[in-house]
Amino acid sequence: MAYVDYEYYASVYGGTLVPENIFSRVEKKAEIYLDSITHGRLNDENVDKYENLKDCVCEMADTVFSFSSSSDKNAGKEKKSETIDGYSVTYVTETTDGSDSVTNMRKKLYSIARFYLSGTGLLSLAIPCCQIRT
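The residue numbering used here restarts from 1 in each chain and proceeds along that chain's sequence as written. Only residues with pLDDT of at least 70 get local features here, since the model is predicted, and only at 80 or more are side-chain atom pairs given and counted; chain-wide, interface and lining totals rely on the full set of residues. To get the side-chain values, all heavy atoms of the structure are used, and hydrogens and water are removed first.

Draft legend 1. Looking closely at the overall build of the protein chain. Each helix is a run of H or I in the DSSP string that is no shorter than four residues. Each strand is a run of E no shorter than two, and both are numbered from the N terminus. On a plain count of helices and strands, the protein chain comes out with 5 helices and 2 strands. Each helix (α) and strand (β) of the protein chain, taken in turn from the N terminus, gives the series α-α-α-β-β-α-α. The rule is simple: take the accessible area with a 1.4 Å probe, protein chains only, and divide by the maximum for that residue type; under 20% is buried, over 50% is exposed, in between is partly exposed. Residues classed as buried in the protein chain amount to 34% of the 134 residues present. A sequence separation of at least 24 residues applies to 65% of the contacts in the protein chain between residues at least 6 apart. Only the protein chains shown count as cover for residues, and all accessible areas are computed by the Shrake-Rupley method using a 1.4 Å probe. For the protein chain, the exposed area adds up to about 8,900 Å²; of that, 49% sits on carbon and sulfur atoms. For this analysis, residues touch if any pair of their heavy atoms sits within 4.5 Å.

Draft legend 2. View of helix α3 (residues 53-68). The span you would expect from a helix comes to 1.5 Å times its residue count less one. The end-to-end C-alpha distance of α3, which contains 16 residues, comes to 22 Å, matching closely the 22 Å that a straight helix rising 1.5 Å per residue would cover. Within α3, burial applies to Leu 53, Cys 56, Val 57, Cys 58, Met 60, Ala 61, Asp 62, Thr 63, Val 64, Phe 65 and Phe 67. Residues of α3 that are buried in the fold lie against α1 (6-13), α2 (20-37) and α5 (101-117).

Draft legend 3. Representation of α5. In a regular helix each residue adds 1.5 Å, so 17 residues correspond to 24 Å; α5 covers 24 Å between its end C-alpha atoms and thus fits that length. For α5, every residue scored as buried is listed here: Asn 104, Met 105, Leu 109, Ile 112, Ala 113, Tyr 116 and Leu 117. Packed against the buried residues of α5 are α1, α2 and α3. The first or second residue beyond α5 is Gly 119, which carries a positive phi of 85°.

Draft legend 4. View of the packing of α2 against α3. The convention used is that axes are lines fitted to C-alpha atoms, helices contributing only their stretch in contact, and that angles between N-to-C directions extend from 0 to 180 degrees. Taken N-terminus to C-terminus, the directions of α2 and α3 make an angle of 110°; their axes are 8 Å apart at the nearest point. Between α2 and α3, the crossing angle belongs to the class labelled roughly perpendicular. Considering how the two elements wind past one another, α2 and α3 form a crossing that is right-handed. Only Leu 53, Cys 56, Val 57, Met 60, Ala 61, Val 64 and Phe 65 of α3 make contact with α2, whose side of the interface consists of Ile 22, Phe 23, Val 26, Glu 27, Lys 29, Ala 30, Tyr 33 and Leu 34. Amino acids outside the nonpolar list (Ala, Val, Leu, Ile, Met, Phe, Trp, Tyr, Cys, Pro) and the charged list (Asp, Glu, Lys, Arg) are all regarded as polar, and Gly is one of them. Residues that form the contact of α2 with α3 fall into these classes: 13 nonpolar, no polar and 2 charged. Any angle between 65 and 115 degrees counts as roughly perpendicular, while under 35 counts as roughly parallel, over 145 as roughly antiparallel, and the rest as oblique. Left-handed describes a crossing in which the near helix is turned anticlockwise from the far one by less than a right angle; the clockwise case is right-handed.

Draft legend 5. Representation of the packing of aromatic side chains within the structure. Pairing of aromatic rings covers Phe, Tyr and Trp, the last counted by its six-membered ring, and requires centre-to-centre distances within 6.5 Å; plane angles under 30 degrees mean stacked, over 60 mean edge-to-face, and any other angle means tilted. Taken as a whole and assessed by the stated rule, the structure comprises 5 aromatic pairs. Residues Tyr 6 and Tyr 9 carry aromatic rings whose centres are separated by 5.7 Å and whose planes lie at 45° to one another, so their mutual orientation is tilted. Of this pair, Tyr 6 and Tyr 9 are both found in helix α1, 3 residues apart, which corresponds to roughly one turn of the helix. Its relative accessible area of 22% is what places Tyr 6 among the partly exposed residues. Here Tyr 6 and Phe 23 contribute two aromatic rings whose centre-to-centre distance is 5.5 Å and whose plane-to-plane angle is 75°, an arrangement assigned as edge-to-face. Placement of the pair is Tyr 6 in helix α1 and Phe 23 in helix α2, with a sequence separation of 17 residues. Members of the aromatic cluster, joined through ring pairs, are Tyr 6, Tyr 9, Tyr 13 and Phe 23. We call a charge positioned above a ring when the Lys NZ or Arg CZ atom is no farther than 6 Å from the ring centre and deviates by at most 35 degrees from the ring normal. Lys 54 extends its terminal NZ or CZ atom over the ring of Tyr 8, reaching a point 5.2 Å from the ring centre.

Laid out in structure tokens, this is it:
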């Protein structure tokens, strides 16, 4: 089950970045990442319990789209520096900065999740007592 549909993304969240024809693909990637950092705590029964969850997925979908967009050859790359007069742009690269665009995307997605879901317990590494086996 998708946490968010395009109708919610466009009308409630007000998203305009992701085209409707590929929304389900980027939403699914955002959902998979969210499920991994919430350690499988989200399911069909409790998704509606978290009021900010849908907005979180929408912003994550925007981020996934911006990092994977092929419409701009530099999409998803983080600018390190830019000179306007002589137009020189330097991008963050794996070899000089220690991280690639996938790592940068994951950091940004986690930051989004922390913003929307802090205080919910979804991002906690603690194991609920009922899941401990002896």
